[in-house]
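Geometric and topological summary
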Amino acid sequence: MLIMHYTGMASAGAACRWLCDPASQVSCHYLVDDQGAVTQMVNEDRRAWHAGVSSWEGMSDINSRSIGIEVHNPGPEAGYPDFPPAQMAAVADLARDIVARHAIRPEHVLAHSDVAPGRKIDPGEKFDWKGLASAGVGLWVEPTGVADMAVLKPGDAGGAVSALQAALARFGYRIVVSGSYDEPTRIVVSALQRHFRPDRIDGIADAATQAILSALLVACGRGEAVS
Ligand SMILES: [Zn+2]
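These remarks concern the structure in this document. The model shown is predicted, which means the values in this text are computed figures rather than measured ones.

Note on the zinc ion: its protein donors are H5 (ND1), H112 (ND1) and D122 (OD). The metal-donor distances range over 2.0 to 2.1 Å. Ordering the donors of the zinc ion by residue number gives the pattern H-x106-H-x9-D. Highlighted residues: H5 in strand 1 (residues 2-6) and D122 in the loop between helix 3 (112-115) and helix 4 (129-134), separated in sequence by 117 residues. Residue classification places H5 among the buried positions, given a relative accessible area of 1%.

Laid out in C-alpha cells, this is it:
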C-alpha cells in the first residue's frame, strides 16, 4: 500500500527534524517539501512508523505493508494552505515510480484518514487525488446514476444502512455492519468524502456519495454495492 500524509508542522525542515528524532516515534519513507523537493527518509524495504493504529481490508499493522509519503503542509491549525502545483507534481512523479516498482494496485493508494478514520484527517480535502489519478496513481471516479438513491444520514437505521456499511467495509474501511447510522459510520462516510468527494464533507451518505462508493467498488472489481 501507499499512504499519503501531510506533515501538519510549521515547516518541512521542522518536520524533517521531527521525523528523524527517535523520541518522536514517527517516521516515513519520503518527505516532499512545499517546493517539491523529495527526501528519502527510510529505505523502502524497511518498516516506517507513519500509519499508527490503522486498518484496511481487515488488515491492521499498515506500517508493515505500506510505504508512507509525508507531504509538507502545516494543516488546518495554520490555515491549511493549498498544496502548490510543483509539490503535487513531485508527489505524482514519486508515487508513480513507487506503485510501478511495487505493483501497488490503484485502490491501495490511500490517505492516512482512510486507514485511521476518526483519528486522522490527513492529507485532507485539498490533496489533489483527482490529479494524482490522472497521472496514473490511485483511483478516482465520477458518480453516475445518482438521481434515485435515498439519502442516508446519522440516526437512520435499517437494511439500507447495513448495505451502506457493508459496501464501505468491502471497499476496505474498518466499520461494523450494525444497520444503525451511528457516529463511527458518520466518521467513515466523512473519510470517504474527504478522499473521493472533497467538495462536501458532512458525513451524510447522499446520493452522490453512495454513487461514488458504488463506482469505486466497480473500479476495483468488488461489484456494485449500495442500493
Ligand atoms: Zn498522517
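Here the narrative resumes.
Now for the nonpolar core. One finds L168, F171 and Y173 to be the most contacted residues of the largest nonpolar core, which totals 30 residues. Going through the elements one at a time, helix 5 (159-171), helix 6 (183-196) and helix 7 (207-219) are the ones with two or more residues in this core. Discounting chain neighbours no more than four positions away, the residues touching Y173 are W56, D114, L168, V188, A191, L192 and F196.

It is at 11 Å that the axes of helix 6 and helix 7 come closest, and there the two elements cross at 75°. In terms of orientation, helix 6 lies roughly perpendicular with respect to helix 7. Listed contacts from helix 7 to V189, L192, Q193 and F196 of helix 6 are T209, I212, L213 and L216.

Among the structural elements, T7 can be located in the loop between strand 1 and helix 1 (12-19). Look at T7 and you get buried, because its relative accessible area is 14%.

Counted by the stated rule, this structure contains eight aromatic pairs. Seen in terms of ring centroids, Y80 and F83 are 6.1 Å apart; in terms of plane orientation they differ by 90°. Their pairing is edge-to-face. F83 shares its class with Y80; the two are buried. Taken together through their ring pairs, the aromatic side chains of Y6, Y80, F83, F127 and W129 make up a single cluster. The ring of Y80 carries the charged tip of K126 above its face, separated from the ring centre by 5.2 Å.

In this section: the pairing of strand 4 (residues 67-71). Where burial is concerned, most of strand 4 is hidden: five out of the five residues are buried. Neither face of strand 4 is exposed, since I67, I69 and V71 on one face and G68 and E70 on the opposite face are all buried. In this structure, strand 1 lies alongside strand 4, joined through five bridges in parallel fashion. Considered in strand 4, the bridge of L2 is made with I67. Bridging between strand 2 (residues 30-32) and strand 4 involves three bridges; their strand directions are parallel. Looking at the pairing, Y30 lines up with I69 of strand 4.

The subject of this paragraph is the packing of helix 5 against helix 7. Orientation of helix 5 relative to helix 7, taken along the N-to-C sense of each, is 40°, at an axis distance of 10 Å. Here helix 7 runs oblique to helix 5, going by the angle between their axes. Taken as a pair, helix 5 and helix 7 cross one another with a handedness that is left-handed. Counted together, L164, A167, L168, R170 and F171 of helix 5 and Q210, L213, L216 and L217 of helix 7 form the full contact between these two elements. Looking at the contact of helix 5 with helix 7, its residues break down into seven nonpolar, one polar and one charged.

Looking now at the pattern of salt bridges. Summed over all chains, the structure comprises 15 salt bridges. Note that R105 and E107 form a salt bridge whose closest N and O atoms lie 2.7 Å from each other. Residue E107 is joined to R222 by a salt bridge in which the shortest nitrogen-to-oxygen separation is 3.9 Å. One end of the pair, E107, is in the loop between helix 2 (85-102) and strand 5 (109-111); the other, R222, is in the segment after helix 7, and 115 residues separate them in sequence. A network of salt bridges, in which partner residues are shared, links E57, R105, E107 and R222.

What counts, and where the lines are drawn
- Residues numbered from 1 in each chain as written.
- Predicted model: local features only at pLDDT ≥ 70, side-chain atom pairs only at ≥ 80, totals over all residues.
- Heavy atoms only, no water.
- Donors = N, O, S within 2.8 Å, 3.2 Å for Na, K, Ca; no water.
- Helix = DSSP H or I, 4+ residues; strand = E, 2+ residues; numbered from the N terminus.
- Buried < 20%, exposed > 50% of the residue type's maximum accessible area, 1.4 Å probe, protein only.
- Core = buried A, V, L, I, M, F, W, Y, C linked by side-chain atoms within 4.5 Å.
- Contact = heavy atoms within 4.5 Å.
- Axes fitted to C-alpha atoms, helices over the stretch in contact; angles between N-to-C directions.
- Parallel < 35°, antiparallel > 145°, perpendicular 65-115°, else oblique.
- Phe/Tyr/Trp six-rings, centres within 6.5 Å; stacked < 30°, edge-to-face > 60°.
- Lys NZ or Arg CZ within 6 Å of the ring centre and 35° of its normal.
- Pairing = 2+ DSSP bridges.
- Left-handed = near helix turned anticlockwise from the far one by under 90°.
- Nonpolar A, V, L, I, M, F, W, Y, C, P; charged D, E, K, R; others polar.
- Salt bridge = Lys/Arg side-chain N within 4 Å of Asp/Glu carboxyl O.

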